[in-house]
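# Reading the structure
Chain by chain, the residues run as shown.
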Amino acid sequence: MEKISHDIIIVGAGIAGLRAAIAAADFSSKIGIAVVSKVYPVRSHSVCAQGGTAAVLRDGDSYDLHSWDTVKGSDFLADQNVVEFFVKQCPEEIIALEHWGCPWSRTEDGKINQRRFGGHSFPRACFAADMTGFHEMHILDAKARTYGNITFYDEWFVTSIQTVDNLAVGLTAFQMKTGKMCAMRSKAIVMATGGHERIYEFTTFSHTATGDGMTMAYRAGAPLKDMEFVQFHPTGLVPPGVLITEGARGEGGHLVNSKGERFMEKYAPEKMELAPRDIIARAEMTEISEDRGLKGQYGPYIALDLRHLGEDKINERLPLIRDVAIKLGGVDPVEEPIPIRPAAHYSMGGISANIHSETSIAGLFAAGECSCMSLHGANRLGTNSTAECLVFGAVSGREAAKYALANSFPELSKERALTEEKRIFDGILASNGDERVASLRNEMRQIMNGKAWIFRDGHHLQTALKEIRALRKKFENIAVEDKDKQYNTGLIGALQLDFTLDLAEITVASALARTESRGAHYRFDYPKRDDKEWLKHTLAYYSKDGPRLEYTPVTITRWPPTERTY
Ligand SMILES: Cc1cc2nc3c(=O)[nH]c(=O)nc-3n(C[C@H](O)[C@H](O)[C@H](O)COP(=O)(O)OP(=O)(O)OC[C@H]3O[C@@H](n4cnc5c(N)ncnc54)[C@H](O)[C@@H]3O)c2cc1C
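Remember, it's a predicted structure, so these values are computed and weren't measured experimentally. (Residues numbered from 1 in each chain as written. Predicted model: local features only at pLDDT ≥ 70, side-chain atom pairs only at ≥ 80, totals over all residues. Heavy atoms only, no water.)

## Observations regarding the nonpolar core
Counted only if it meets this: As used in this record, nonpolar core signifies buried Ala, Val, Leu, Ile, Met, Phe, Trp, Tyr and Cys residues forming a set joined through side-chain atoms within 4.5 Å. Note on exposure labels: buried denotes an accessible area under 20% of the residue type's maximum, exposed denotes more than 50%, and partly exposed covers the range between, all computed with a 1.4 Å probe on protein chains only. Helical segments are the DSSP runs of H or I of at least four residues, strand segments are the runs of E of at least two, and each set is numbered from the N terminus. Every residue pair with non-hydrogen atoms within 4.5 Å of one another is taken to be in contact.
Ranked by size, the top nonpolar core spans 78 residues in total, and within it Ile-161, Phe-174, Met-184, Met-191, Tyr-200 and Ile-351 carry the most contacts. Per-element accounting of this core gives the leading share, 14 residues, to helix 15 (residues 489-513). Residues within four places of Met-184 in sequence aside, it is in contact with Ile-4, Ile-9, Val-36, Tyr-153, Trp-156, Val-169, Gly-170, Leu-171, Ala-173 and Leu-412. Core analysis: the next-biggest nonpolar cluster, separate from the first, contains 55 residues, Ala-21, Ala-188, Ala-400 and Ala-404 among them.

## Considering the domain arrangement of the chain
Applicable threshold: Boundaries between domains were set according to an automatic or database domain assignment. The term buried area means the drop in 1.4 Å probe accessible area that two parts suffer when joined, counted for both and summed. Each polar contact in these results corresponds to two N or O atoms within 3.5 Å; when the atoms are within protein, one needs to be able to donate a hydrogen and the other to accept it, and residues that are neighboring in sequence are counted only if both atoms are side-chain atoms.
For the chain, the assigned domains read domain 1 (2-229 + 348-412), domain 2 (236-343) and domain 3 (415-520). On a C-alpha basis, the centroid separation for the pair domain 2 and domain 3 is 32 Å. Taken together, the seven residues of domain 2 in the interface contact five residues of domain 3. Regarding the contact of domain 2 and domain 3, the summed buried area is about 510 Å², with carbon and sulfur atoms giving 75% of it. Together, Asp-278, Arg-282 and Met-285 form the three largest contributors to the area buried by domain 2 at its contact with domain 3, with a combined 70%. Counting every contact that joins domain 2 to domain 3 gives one residue pair in polar contact (both at pLDDT 80 or more). Of all the elements in the fold, those that place two or more residues in the side of domain 2 that touches domain 3 are helix 8 (277-289) and strand 14 (338-347). With five residues, the top contributor of residues to the side of domain 2 that touches domain 3 is helix 8.

## Topic: the sheet that holds strand 5 (residues 125-126)
Formally: Think of it this way: DSSP has to see at least two bridges between two strands before they count as a pair.
One open sheet accounts for three strands, arranged 3-5-4; its pairing is antiparallel. Taken across any chain shown, the strands that pair with only one partner, and hence form the sheet edges, are strand 3 (53-54) and strand 4 (114-115). Sheet topology places strand 4 next to strand 5; two bridges connect them, and they run antiparallel. Bridge pairing links Arg-115 to Ala-125 in strand 5.

## Looking at the packing of aromatic side chains
The criterion, for reference: Here a Phe, Tyr or Trp ring, Trp counted by its six-membered ring, pairs with any other such ring whose centre lies within 6.5 Å, and the pair is stacked when the planes are under 30 degrees apart, edge-to-face when over 60, and tilted otherwise. For a lysine, the NZ atom is tested; for an arginine, the CZ atom; a charge sits over a ring if that atom is within 6 Å of the ring centre and within 35 degrees of the ring normal.
Throughout the structure, instances matching the rule amount to 16 aromatic pairs. Here Phe-365 and Tyr-403 contribute two aromatic rings whose centre-to-centre distance is 5.9 Å and whose plane-to-plane angle is 75°, an arrangement assigned as edge-to-face. Linking Phe-365 in strand 16 (residues 364-366) with Tyr-403 in helix 11 (residues 384-406), this pair joins segments that are 38 residues apart in sequence. An angle of 85° between the planes, with centres 6.0 Å apart, marks the rings of Tyr-522 and Phe-524 as edge-to-face. The ring centre of Phe-475 lies 5.5 Å from the NZ or CZ of Arg-472, which sits over that ring. Above the ring of Tyr-551, the side-chain terminus of Lys-536 is found at 4.8 Å from the ring centroid.

## A short note on the pattern of salt bridges
Rules: Here a salt bridge means any side-chain nitrogen of Lys or Arg lying within 4 Å of a carboxyl oxygen belonging to Asp or Glu.
What the rule picks out here adds up to 49 salt bridges. Taking the shortest distance from any N to any O, the salt bridge between Arg-249 and Glu-246 comes out at 3.9 Å. For Arg-523, the salt bridge identified is with Asp-525, shortest N-O distance 2.8 Å. Relative accessible area serves as the criterion here: at 2%, Arg-523 is assigned to the buried category. Via salt bridges that share partners, Asp-75, Glu-228, Asp-278, Arg-282, Arg-514, Glu-516, Arg-518, Arg-529, Asp-531 and Arg-564 belong to a single interconnected network.

## Here's the deal with helix 8
Threshold: To estimate the expected span of a helix, subtract one from its residue number and multiply by 1.5 Å.
Across its 13 residues, helix 8 extends 18 Å between first and last C-alpha, which sits within 8% of the 18 Å expected from 1.5 Å per residue. Here helix 8 lies mainly inside the structure; 11 of its 13 residues are buried. In the segment just after helix 8, Asp-291 is the residue with positive phi, at about 65°.

Right, here's the structure in full:
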């Protein structure tokens, strides 16, 4: 088996991974950096980010206000030291992107424009029309390619993190074009592998969002933190689930039920359609379950009405949304309201990492959506994610660079890499059982949608856990029909299902254990937040019999928990 060595290997080429690579390369031109991605960088999910990136840029706004909005939005589960650090770094990242050429939308006097977003008490979302992520990604990708010491491994699939005595020594990965497996040795690894939303059926996320990196870190011994907290975005387009940005409401869009009422008046009288996402998603589900949803061929829905904004504003600020609504929803928002429903949208949980992006494994760092620094707590505010990817992408790149300069190459055992090759090619690729990967995947997603969705309870979570574990058993009996090694999407699908099955199990087990309601985690049987018992983070550790849960305190610096109303 071929062995490749780089001082730093970054897995993932979304906003977090690319920002990490640039920061590491800026730190030292002497270190060799690899960026490994299962898709071409600009096909990472980050390219889909629409509405904006948060930063304090103007008089009237302040770091304190951004911190407070984030802490309140998190339902007090965010670590406040992380929040305070984060908000101070955001403006620098926006200015860096500006200098690298990001085409921000502008005010009339040429300044970077900012729009309103849910849960933020000041318009602080910097945006490039409704294609913010698209532009940020192209700028970062172009910038990263100007460094002589960054090597790209595009369309390489990483299968495992290799460790020795809790030290990360490298990875195993195969090139998708050839099926050639390699052992990749490194001094430092940065995981920047994105979210796991594809454990759900109705989601705004790309098919690639299967949380691979989270599972790899978990299997290597790092705990996953706060996995019960999954964000449901209020406006997934019906029927495909594609996102209609919160920016549509930031620009003044209304949510309306079948009686023509702006129902948010009842649930968040002050913030209305710009309340945080957990609150609006629950409000929509309540309207639907009490029969005030609109009726359509794809089930009940809520109407997002933009007509009063007028065609010119829609074309200038929300051109992608108009296009998506026409092509995938069959409605022109200039003429008709858009049919929407809540959709799985973000993983607040992830690989547990500290403010320096360090995980519990030496030499292993994590950044972006796959990580959990406890910035978002129980509910993330819109536009804080791309900002997090920039801020902590940069932190992880610098920290990994420091670490790589201070350490020598570890040994990566050839035998262990060969065992992994056997597991993939003699095991999964060769499998000839009776179960179809696509059917198991659909079953998993239906279980998660049906029993671990916006409203949860002990009985359904318990059933979901049993059913997910039964799927894990069935997975042992799958068939991968195509045996070719080149571009085998059947094999990739099986590996991704393997990763997501663990994450579905951890999400449900963590949710079942948390007997309270907080942020995006709402339980009918425990409808109140319980700070006495549950003001703490969940840590899920790998064990042969399923996740072992432990807990760790929340860091509170300045804002003790209070009642959360909007
Ligand atoms: C439609 C949509 C709109 C959004 N809009 C906004 C917004 O306006 N503002 C905001 O702040 N947030 C927004 N978000 C959230 C935000 O975009 C994401 O949380 C963020 O971009 C995640 O970036 P990332 O770098 O962590 O990972 P990603 O961009 O998801 O990239 C993951 C990378 O990991 C690689 N990878 C994964 N597994 C493997 C493997 N096994 N082997 C090799 N490589 C692997 C992939 O190839 C990819 O390069 C939006 C999300 C969606 C879905």
